[in-house]
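# Residue-level structural notes
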Amino acid sequence: MTLLFVSTLMLLFPLVEAARPVVINTWPFKNAAAVAWDTLQSGGSVLDAVEKGCALCEVEQCGGSVGYGGSPDETGETTLDAMIMNGDTMEVGAVANLRRIKNAIGVARAVMERTEQTMLVGESATMFAENMGFIAEDLTTTKSMNIFSQWLKGNCQPNYRKNVVPDSSKSCGPYKPSATLKQSNRTQHANPNSHDTIGIIALDQDGHVAAGTSTNGLTHKVPGRVGDSPIIGAGAYADSSAGAAAATGDGDVMMRFLPSYLAVELMRAGADPSTACETAISRIKRHYPQFFGAIICANTTGHYGAACNKVPALSQFHYMVSTSEMDTPLLKSVDCF
Ligand code: ASP
């Protein structure tokens, strides 16, 4: 009798809140949000949703900082970073410093599904991609060439070098170490307007969680530079027993703090998504008050939040949210602190 009473009560008032499907992405990349959500709604998996959303941004060159033709490095080349994570199995596929392949998120997924490895980089990642049927092509565009030539004309300033001197009379490299090491006084990103990453987190009604990112990194980066976006726990993290998070911003600083991992662990410990996001940002801010960055978080019930650090270029952070209650993805914003 008591058992029957308890079971009836549990049916009426379930202790565990059911998952409400949600897809969230960084920045106001509306088309990517719509594709990711439609993919989920039409029976695709959370991994499909993340992949399709990021892939659309790679084609649309979202913000100029996802996909081909953006963020030329010191040699003028665009290279891509991407990752995808399955929160059920904790499998990850990532590519970093990927050359001459446009669909970085697709290659990341192939790394996850067609190898026992987790991350492939550089020329070898390209070779793997070609073997998997991806087409190699030049990622340079007129726009990226113009950005590069303007920078050359400006004596290669700004750049991300420190404690070096140019090897010749010209101010561009090659560089050699300077005689003394000075503490860097870099307080802010060289150009906060020149970068964005698409980070997507997706949760379905059965509680499956996935996350992923795609970016071309930073304009004028040192060749070979890898940002936070393909680094597990930094750019994104997903665990179907706790939630997911994805970050964007000054990756060289942010990856030192694994903000996505931290946020997911905070949600596991009971923090609501907004608080988890805020704590992850505060942890970085304590050491780098002027860093440029933001993070999105969602827990296993579909509650979500975001947080960002306030720098001149970012007083509010915009992100997209899709749920069953909405007709189209909703643009949300959060005030930075
Ligand atoms: N986090 C990316 C990177 O550092 C860029 C960005 O999200 O703005 O490569």
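Described below are features of the structure shown in this document.

### Comments concerning the packing of aromatic side chains
- The tally for this structure, following the rule as stated, stands at five aromatic pairs.
- Where Phe257 meets Tyr288, the ring centres are 6.0 Å apart and the plane angle is 85°; that geometry is what we call edge-to-face. Placement of Phe257 in the loop between helix H7 (251–254) and helix H8 (259–268) and of Tyr288 in the loop between helix H9 (273–287) and strand S11 (293–299) is noted, with a sequence separation of 31 residues between them.
- Residue Tyr288 is classed as partly exposed on the basis of its relative accessible area, which comes to 28%.
- Taken together, a centroid distance of 6.0 Å and an interplanar angle of 15° make the contact between Phe317 and Tyr319 stacked.
- When the ring centre of Tyr68 is taken as reference, the NZ or CZ atom of Lys102 above it lies at 4.1 Å.

### Quick look at H8
- What H8 keeps buried is the set Pro259, Ser260, Leu262, Ala263, Val264 and Met267.
- Structurally, H8 contributes buried residues whose contacts are with strand S9 (236–239), strand S10 (243–249), H7, H9 and S11.
- A positive phi of about 110° marks Gly270, the residue just after H8.

### Comments concerning helix H3 (residues 46–60)
- With 15 residues, H3 extends 21 Å from end C-alpha to end C-alpha; this agrees with the ideal 21 Å at 1.5 Å per step.
- Turning to H3, its buried residues are Val46, Leu47, Ala49, Val50, Glu51, Gly53, Cys54, Cys57 and Glu58.
- Phi turns positive one or two residues past the end of H3, at Gln61, with a value near 55°.

### What about the state of the cysteines?
- A complete count under the given rule lists four disulfides for this structure.
- Across the disulfide, Cys57 is cross-linked to Cys62 (sulfur-sulfur distance 2.1 Å). Taking the sign of the S-S torsion, about -90° here, the bridge from Cys57 to Cys62 comes out left-handed.
- What makes Cys57 buried here is its relative accessible area of 0%.

Definitions and cut-offs
- Residues numbered from 1 in each chain as written.
- Predicted model: local features only at pLDDT ≥ 70, side-chain atom pairs only at ≥ 80, totals over all residues.
- Heavy atoms only, no water.
- Phe/Tyr/Trp six-rings, centres within 6.5 Å; stacked < 30°, edge-to-face > 60°.
- Helix = DSSP H or I, 4+ residues; strand = E, 2+ residues; numbered from the N terminus.
- Buried < 20%, exposed > 50% of the residue type's maximum accessible area, 1.4 Å probe, protein only.
- Lys NZ or Arg CZ within 6 Å of the ring centre and 35° of its normal.
- Contact = heavy atoms within 4.5 Å.
- Expected span 1.5 Å × (residues − 1).
- Disulfide = S-S within 2.5 Å.

Everything listed here is a matter of geometry and, on its own, says nothing about what the molecule does.
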